[in-house]
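Structure at a glance
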Amino acid sequence: PSGLHWNYRIVPTAHPMNESVHLYYHDALDCIKLLFNHPLFASKMDYTPYCLFTSAEHNTRVYSE
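Bear in mind the structure is a predicted one, so any value in this text is a computation, not a measurement. (Residues numbered from 1 in each chain as written. Predicted model: local features only at pLDDT ≥ 70, side-chain atom pairs only at ≥ 80, totals over all residues. Heavy atoms only, no water.)

1. A few points about the overall build of the protein chain
Condition: Each helix is a run of H or I in the DSSP string that is no shorter than four residues. Each strand is a run of E no shorter than two, and both are numbered from the N terminus. Only the C-alpha atoms count toward the radius of gyration. The rule for a globule is 2.2 Å times the residue count to the power 0.38. Partly exposed residues are those whose accessible area sits between 20% and 50% of the maximum for their type, while under 20% is buried and over 50% is exposed, using a 1.4 Å probe and protein chains only. Residue exposure ignores everything except the shown protein chains as possible cover, and the areas themselves are Shrake-Rupley values with a 1.4 Å probe. We treat Lys and Arg as the positive residues and Asp and Glu as the negative residues; His and chain ends play no part in the count. By convention, charge coordinates are those of NZ in Lys, CZ in Arg, CG in Asp, or CD in Glu.
Helices and strands together make up the secondary structure of the protein chain, namely one helix and two strands. The secondary structure elements of the protein chain, listed N-terminal to C-terminal, are β-β-α. Its C-alpha radius of gyration of 20 Å places the protein chain more than 25% over the 11 Å reference for a compact globule of 65 residues. For the C-alpha atoms alone, the extent of the protein chain along its principal axes is close to 60 × 35 × 15 Å. Among the 65 residues that make up the protein chain, the fraction classed as buried is 2%. Summed over its atoms, the accessible surface of the protein chain is roughly 6400 Å², and 59% of this surface lies on carbon and sulfur atoms. In the protein chain, 4 positive and 6 negative side-chain charges are present, and the distance between their average locations comes to 6 Å.

Below, the structure is given as structure tokens:
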């Protein structure tokens with residue numbers, strides 16, 4: 001799959017600047033589409049929620065992104 005193109009906007013500022021401020025970004029939906037359609041990630045996606053614990057006794061739950 002091909003990569004995404006960069007978008008940019010000139011950000012208005014409240015204070016005078018020597019140079020204009022450029023914000024470079026990717027469209028978030030395009031990023032998600034790229035990840036979901038990328039063959040390297042196809043087997044890595046998990047669509048069902050689950051609880052992850054640090055031990056078999058389920059004493060401590062792991063929270064992460």
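Next comes the rest of the description.
2. With respect to the packing of aromatic side chains
So the rule is basically this: Aromatic rings from Phe, Tyr and Trp, taking only the six-membered ring of Trp, are treated as a pair when their centres fall within 6.5 Å; an angle between ring planes under 30 degrees marks them as stacked, one over 60 as edge-to-face, and anything in between as tilted.
A full pass over the atoms with the stated rule returns two aromatic pairs. Their ring planes at 35 degrees and their centres at 5.9 Å tell us that Phe 36 and Tyr 47 sit as a pair that is tilted. Of the two residues, Phe 36 sits in helix α1 (residues 28-37) while Tyr 47 sits in the segment after α1, which places them eleven residues apart along the sequence. The partly exposed category is assigned to Phe 36, whose relative accessible area is 46%.

3. Here's the deal with the environment of Leu 40
Relative to the elements of secondary structure, Leu 40 occurs in the segment after α1. Counting along the chain gives 16 residues from Leu 40 to Ala 56, while the straight-line C-alpha distance between them is 31 Å.

4. Some thoughts on unusual backbone geometry
Residues other than glycine seldom take positive phi values, yet His 58 does so here, at roughly 60 degrees. Relative to the helices and strands, His 58 is located in the segment after α1.

The analysis is restricted to geometry; functional conclusions fall outside its scope.
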